[in-house]
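Report on the structure
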Amino acid sequence: MNINFEYHDVEASDRLEAYAKEKLEKLYDKFQMIVRADVFFKTENTSSDKTGMICNIRVSVPGPRIFAEASHDNFISSINESIKDLDKQLTKKKEKLSTY
């Protein structure tokens, strides 16, 4: 699996990349159909203190791409929520594929 990282209005961070890579590798162990993952980190000015650090993850699998986005007060929480959302979507996709 190939993982690409992009930063928008955020400094590149080896710690964030390592954490996201670890989570994505666990997801890949569960779903070997993942070909590639694109991870986007960006900040956004919001009126709430609980949002603003956004993590978007786009996963390439056979068929349409799968996408998840989360916004929290830190990137770790955003990564966790995005991974959890991707896990749900990939589970549904795997169920559809295995029924045929």
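Residues numbered from 1 in each chain as written. Predicted model: local features only at pLDDT ≥ 70, side-chain atom pairs only at ≥ 80, totals over all residues. Heavy atoms only, no water.

**Digging into helix α1 (residues 14-30)**
Inclusion rule: Only DSSP runs of H or I covering at least 4 residues are called helices, and only runs of E covering at least 2 are called strands; the numbering of each starts at the N terminus. Take the number of residues in a helix, subtract one, and multiply by 1.5 Å to get its expected span. Buried means the residue's accessible area, taken with a 1.4 Å probe over protein chains only, is under 20% of the maximum for its type, while exposed means over 50%, and partly exposed covers the values in between. Directions are taken from the helix axis to each C-beta atom, and the arc is the one they span. In protein, a polar contact means a hydrogen-donor-capable atom and an acceptor-capable atom, both N or O and within 3.5 Å, with residues adjacent in sequence counting only if both atoms are side-chain atoms; elsewhere, any N or O pair within 3.5 Å suffices.
For α1, spanning 17 residues, the distance from its first C-alpha to its last is 24 Å, which sits close to the expected 24 Å at 1.5 Å a residue. Within the sequence span of α1, burial applies to Leu-16, Ala-20, Leu-24 and Leu-27. The buried residues of α1 all sit within an arc of 50 degrees when viewed along its axis, so they share a single face. Turned more than 90 degrees away from the buried face of α1, the exposed residues are Asp-14, Arg-15 and Asp-29. Between the side-chain oxygen of the N-cap and the backbone nitrogen of Arg-15 there are 3.4 Å, and the N-cap of α1 in question is Ser-13.

**Some details on unusual backbone geometry**
Unlike most non-glycine residues, Asp-9 shows phi in positive territory, near 60 degrees. Secondary-structure assignment places Asp-9 in the loop between β1 (2-8) and α1. A relative accessible area of 70% places Asp-9 in the exposed class.

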